[in-house]
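Structural description and commentary
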Amino acid sequence: MRLAALFTGVALALSTLNPLFAADKVTLRLGDVKGDRFAALKASGELNNLPYDLKLTAFDSGAPVQEALNAGALDVGFTGDLPFLFVYAAGAPVKAVGAWQNNPDSIALLTRPNAGIHRLQDLKGKQIAVNKGGWGHYLLLGLLERAGLKPDDVTMRFLNPVDGRAALTSGAVSAWAPWEPYIATSTAVDGTVRVPDGGGKGIMSGYSYALARDEALSDADKRKAIADLLARLAKAQIWAQQHPQEFASVLGKTLNMPTNITRSWIADARIRPLVFDAQLIPTLQKSADFFHRYQVLPKAVDVSKAFDFSLSAQANQIAQHALGDKS
């Protein structure tokens, strides 16, 4: 179910001003996937006393967030690492400014119990739904390597998550490569199961990024607002880790999902903030090289200039503390 209608145009105009910001409050236009980061921000109290206005639009997956960023409809977007590669390779005026990590196994290949897939080698000759250029596509290519198969041994159906789920349940495809909360929803509601050894551990980084348009980064007030938002997001993600039952309830109400599904989602994804520094560059470069090798990414891409680490100092301190690194 598309959630943009639930959030589009939501403006949070809170009264307390921070003297670091101009008298006229700046507005940040934020795009999120499924609204879970926004839900954590709100439930944890991190949206209280904002010194800027925040306008949210929620999307079903990362690709439309990227499209909106590239079109200038957003200042900041929360999305997975792989959709970012394609807009960056295409020259979009966007940089990564923050990061967090999902459990890589919360990206996984699902099948129906009667589809005849009991091991990865059984994928040969099957039709499989993936989101082109995203986590599902990357996972499937990695799983085929793991099984000793080639991309030509399967038929990939490039579908968005909603259509991928429908294709699997209807029998139009034999497997589908989603992530949370689609995994929790499909397994609980549709009776699908994980393909053995079909998780993302060892293949996926599980990284997601906060992205910002260059024009927002060139605006002094928006830079301050983005840095503040990144710190609040890190605090909110730590709060969500520490209050899983409360967060599951908030997610269920916010996204109109059963609490048993949001509980499963939270337990599986295990989202945690990351220290956002140059150590992340090789991971994204590895993904870029992998996709280029399979000609998913049409040209080789140097991602060393894809990051702006200058806004993450406060968020990094929070992440370091959460990770037990007090140095």
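Nothing here was measured: the structure is a model prediction, and the numbers come from that model.

Some thoughts on the overall build of the protein
Along its length, the protein carries 13 helices and 12 strands. Seen through its principal axes, the protein has C-alpha atoms that stretch 65 × 45 × 40 Å. Residues counted as buried form 58% of the 327 residues belonging to the protein. Restricting to contacts in the protein with at least 6 residues of sequence separation, those with at least 24 account for 81%.

A closer look at the packing of aromatic side chains
For the coordinates displayed, the defined rule picks out 16 aromatic pairs. Between the aromatic rings of Y138 and F291, the centroid separation amounts to 5.1 Å while the plane-to-plane angle is 80 degrees, which identifies the pairing as edge-to-face. Separated by 153 residues along the polypeptide, Y138 in helix α5 (residues 135-147) and F291 in helix α12 (residues 281-293) bring together distant segments of the chain. This pair shows no difference in class: Y138 is buried, exactly as F291 is. Summarising the aromatic geometry, the rings of F290 and F291 are spaced 6.5 Å apart at their centres and angled 45 degrees between planes, so their arrangement reads as tilted. Accessibility assignment for this pair places F290 and F291 in one class, buried. Within the aromatic cluster, the residues linked to one another by ring pairs are F84, Y88, Y209, F276, F307 and F309. Looking at K132, its charged tip hangs above the ring of F158, at a distance of 5.2 Å from the centre.

Overview of the side chain of D228
Relative to the helices and strands, D228 resides in helix α9 (residues 220-242). A relative accessible area of 15% places D228 in the buried class. A polar atom in the side chain of D228 sits 2.7 Å from the side chain of Y52. With residues up to four places along the chain from it excluded, the contact list for D228 reads L50, P51 and Y52.

Concerning α9
Its 23 residues give α9 an end-to-end C-alpha distance of 34 Å, which sits within 8% of 33 Å, the value for a rise of 1.5 Å per residue. Regarding α9, its N-cap is D219, as a side-chain oxygen of that residue lies 3.0 Å from the backbone nitrogen of D221 further along.

What to know about the layout of surface pockets
Of the volumes computed, that of the largest pocket is approximately 310 Å³. Contributing to the lining of the largest pocket are 19 residues, with S61, G62, A63, P64 and E67 lying nearest its centre. Those elements giving two or more residues to the lining of the largest pocket turn out to be α3 (62-70), α4 (81-89) and α6 (161-170). No other element matches the five residues that α3 contributes to the lining of the largest pocket.

Thoughts on the UniProt feature "domain: SsuA/THI5-like" (unreviewed entry) in the protein
UniProt marks residues 61-246 with the feature "domain: SsuA/THI5-like" (unreviewed entry), using the numbering shown here. As annotated, residues 61-246 has a helix share of 43% and a strand share of 22%, and its two end C-alpha atoms lie 25 Å apart.

Some remarks on the sheet that holds strand β8 (residues 155-158)
Sheet architecture is open: five strands sit in the order β8-β7-β9-β6-β10, paired in mixed fashion. Each edge of the open sheet is held by one strand with a lone partner, namely β8 and β10 (193-199). Alignment of strand β7 (residues 127-130) against β8, held across four bridges, turns out to be parallel. When the sheet's bridge partners are listed, V130 is paired in β8 with F158.

Quick notes on the rules
- Residues numbered from 1 in each chain as written.
- Predicted model: local features only at pLDDT ≥ 70, side-chain atom pairs only at ≥ 80, totals over all residues.
- Heavy atoms only, no water.
- Helix = DSSP H or I, 4+ residues; strand = E, 2+ residues; numbered from the N terminus.
- Buried < 20%, exposed > 50% of the residue type's maximum accessible area, 1.4 Å probe, protein only.
- Contact = heavy atoms within 4.5 Å.
- Phe/Tyr/Trp six-rings, centres within 6.5 Å; stacked < 30°, edge-to-face > 60°.
- Lys NZ or Arg CZ within 6 Å of the ring centre and 35° of its normal.
- Polar contact = N/O pair within 3.5 Å; in protein donor to acceptor, adjacent residues only side chain to side chain.
- Expected span 1.5 Å × (residues − 1).
- 1 Å grid on protein atoms, 1.4 Å probe; cavity = no way out; pocket = protein on both sides within 12 Å on 5 of 7 lines; lining within 4 Å.
- Points joined across faces, edges and corners; volume = space filled by probe spheres on them.
- UniProt positions renumbered as here; feature names shortened; annotations may be inferred.
- Pairing = 2+ DSSP bridges.

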